Amino acid sequence: MALPTRLFVRTILGQKLTLLNSVRQRLTFPTVVSGSANVGDAVRRAIQSRAFTMRLFSTTNGSSCEHRETSSDTEGEDKKSPTIKLRSRNKPYTFHPVEVSIRYMESPQYSEVYGNDPVWTNYRRNFKGQYAPPKTRRSCIIFAPDPYTNTGNPCPICRDEYLVVHYENTKLLKQFISPYTGVVLEPKRTGVCRRVQFNLELEIMKAYDLGLIEFDVPFRAFDYSRYYPQLKEGLEAQII
């Protein structure tokens, strides 16, 4: 098994050396005799060859983002910093008040889109490889300078701007609480980003404290005679 491996490695190295020599020859300027009429043409061809080779082996894409410089009309003022155009898949995000979200949850449009299932039921994460990563993305929204989505597949909450995570929006919060254990569902199951998961846990705790969402308190049996001596004396009198 060692001989085929060595031949394969030698073949790969030979191909790389051949490519490197060809690139080196293209990058070198041709020898030009002084006084020749084709001096300018030879230099021009060498520069074009070098520029083409540098573009060929460049790892950056100049067309990924476009820069636009805005200059002031009056003279004497400095030019403004270039602004980067957002790509087409990045859409602006609008934040709505919780009252609008509550009305949206009761509207027929919401029932038509989600039905009676939670908002995360039909959501599928996009990930590389066979197994999903244990953590979801940090956030689906970039807030500076203006809020917009930075991914083509936002989480179930960020993809619908009318779903507002708030302690008064109990219909939405209950969809992220397990009906069996009463704990908040993990983002690995719901697919929400970590920013939304933090807000969900915070708003659910607020709803618990304000009594907007019911939850079961585990029963504990206490021996009150340890804290109230009069109860202990009464129990001893009953026993005697």
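Keep in mind that this is a model prediction, so the values were computed, not measured.

## Quick notes on the overall build of the chain
At step 1: The helix and strand inventory of the chain stands at eight helices and four strands.
At step 2: Traced from its N-terminal end to its C-terminal end, the chain shows the element sequence α-α-β-β-α-α-β-β-α-α-α-α.
At step 3: The burial tally for the chain puts 23% of its 240 residues in the buried class.
At step 4: Sequence-distant contacts in the chain: of pairs separated by 6 or more residues, those separated by 24 or more amount to 61%.
At step 5: Accessible surface, the chain: about 19,000 Å² in total, of which carbon and sulfur atoms supply 56%.

## A word on the packing of aromatic side chains
Each aromatic ring pair is characterised by the separation of its centres together with the angle its planes make.
At step 1: Scanning all chains against the criterion turns up six aromatic pairs.
At step 2: Between Tyr104 and Tyr110, the ring centres sit 5.7 Å apart and the planes meet at 80°, which makes this aromatic pair edge-to-face.
At step 3: Measuring from ring centre to ring centre gives 4.7 Å for Tyr208 and Phe215, while their planes differ by 45°; the resulting arrangement is tilted.
At step 4: Judged by its relative accessible area of 16%, Tyr208 is buried.
At step 5: Through pairs of rings, three or more aromatic residues link up here, namely Tyr104, Tyr110, Tyr114 and Tyr162.

## Remarks on helix α7 (residues 194-210)
For the α-helix, the turn length of 3.6 residues means that residues three or four positions removed from each other point alike.
At step 1: Relative to the 24 Å expected for 17 residues at 1.5 Å per residue, α7 spans 25 Å between its end C-alpha atoms, a close match to the ideal helical length.
At step 2: Close packing links the buried residues of α7 with α5 (170-173) and α6 (187-190).
At step 3: Note on α7: the residue one or two positions beyond its end, Gly211, has a positive phi of about 75°.

## As for the nonpolar core
At step 1: Core analysis: the largest hydrophobic core is formed by 27 residues, its most contacted members being Val119, Cys155, Ile157, Leu163, Leu172, Phe176 and Val196.
At step 2: Looking at this core, the elements that each hand over two or more residues are α3 (98-105), α4 (108-114), α5 and α7.
At step 3: In terms of residue count, the dominant contributor to this core is α7 (five residues).
At step 4: The contacts of Cys155, once residues within four sequence positions are left out, are Tyr123, Arg137, Cys140, Gly191, Val192, Cys193 and Val196.

## A word on the pattern of salt bridges
For side chains bearing opposite charge, pairing can occur when the charged atoms are close.
At step 1: Inspection of every chain in the model, using the stated rule, returns one salt bridge.
At step 2: With a shortest N-O distance of 3.7 Å, Glu203 and Lys206 are connected by a salt bridge. Here Glu203 and its partner Lys206 are both found in helix α7, three residues apart, which amounts to about one turn of the helix.
At step 3: Residue Glu203 is classed as buried on the basis of its relative accessible area of 10%.

## Looking at the state of the cysteines
At step 1: For the structure shown, the criterion picks out zero disulfides.
At step 2: The thiol sulfur of Cys140 is not disulfide-bonded, and the nearest other cysteine sulfur, from Cys155, lies at 3.9 Å.
At step 3: Under the relative-accessibility criterion, Cys140 is labelled buried at 0%.
At step 4: Distance from the sulfur of Cys193, which forms no disulfide, to the nearest cysteine sulfur (Cys155) is 3.8 Å.
At step 5: A relative accessible area of 1% means that Cys193 is categorised as buried.

## Comments concerning the side chain of Thr190
At step 1: In this fold, Thr190 is placed in helix α6.
At step 2: For Thr190, a relative accessible area of 1% puts it in the buried group.
At step 3: Excluding anything up to four places from it in sequence, Thr190 contacts Trp120, Tyr123, Pro156, Phe176 and Leu185.

## Brief notes about a nonpolar patch on the surface
At step 1: On the surface, a nonpolar cluster with roughly 570 Å² of combined accessible area is contributed by Phe222, Tyr224, Tyr227, Tyr228 and Leu231.
At step 2: Considering the arrangement of structural elements, one finds Tyr227 in the loop between α7 and α8 (229-239).

## Quick look at the confidence of the model for the chain
At step 1: Here the chain averages 75 in pLDDT, and 62% of its residues register 70 or above.
At step 2: Ignoring residues within four places in sequence, the model shows residues 29-37, a span with pLDDT below 50, making eight contacts including any to other chains.

## Overview of α3
At step 1: Burial in α3 covers these residues: Val98, Ser101, Tyr104 and Met105. Along the axis of α3, the buried residues cluster in a sector spanning 115°; they form a single face.
At step 2: Each element contacted by the buried residues of α3 is listed here: α4 and α5.

The rules behind each value
- Residues numbered from 1 in each chain as written.
- Predicted model: local features only at pLDDT ≥ 70, side-chain atom pairs only at ≥ 80, totals over all residues.
- Heavy atoms only, no water.
- Helix = DSSP H or I, 4+ residues; strand = E, 2+ residues; numbered from the N terminus.
- Buried < 20%, exposed > 50% of the residue type's maximum accessible area, 1.4 Å probe, protein only.
- Contact = heavy atoms within 4.5 Å.
- Areas by Shrake-Rupley, 256 points an atom, 1.4 Å probe, with all protein chains shown as cover.
- Phe/Tyr/Trp six-rings, centres within 6.5 Å; stacked < 30°, edge-to-face > 60°.
- Expected span 1.5 Å × (residues − 1).
- Core = buried A, V, L, I, M, F, W, Y, C linked by side-chain atoms within 4.5 Å.
- Salt bridge = Lys/Arg side-chain N within 4 Å of Asp/Glu carboxyl O.
- Disulfide = S-S within 2.5 Å.
- Patch = residues over 30% accessible without salt bridge, like charges linked within 9 Å, V, L, I, M, F, W, Y side chains within 5 Å.
- pLDDT = per-residue confidence, 0-100.
- Arc of directions from axis to C-beta.

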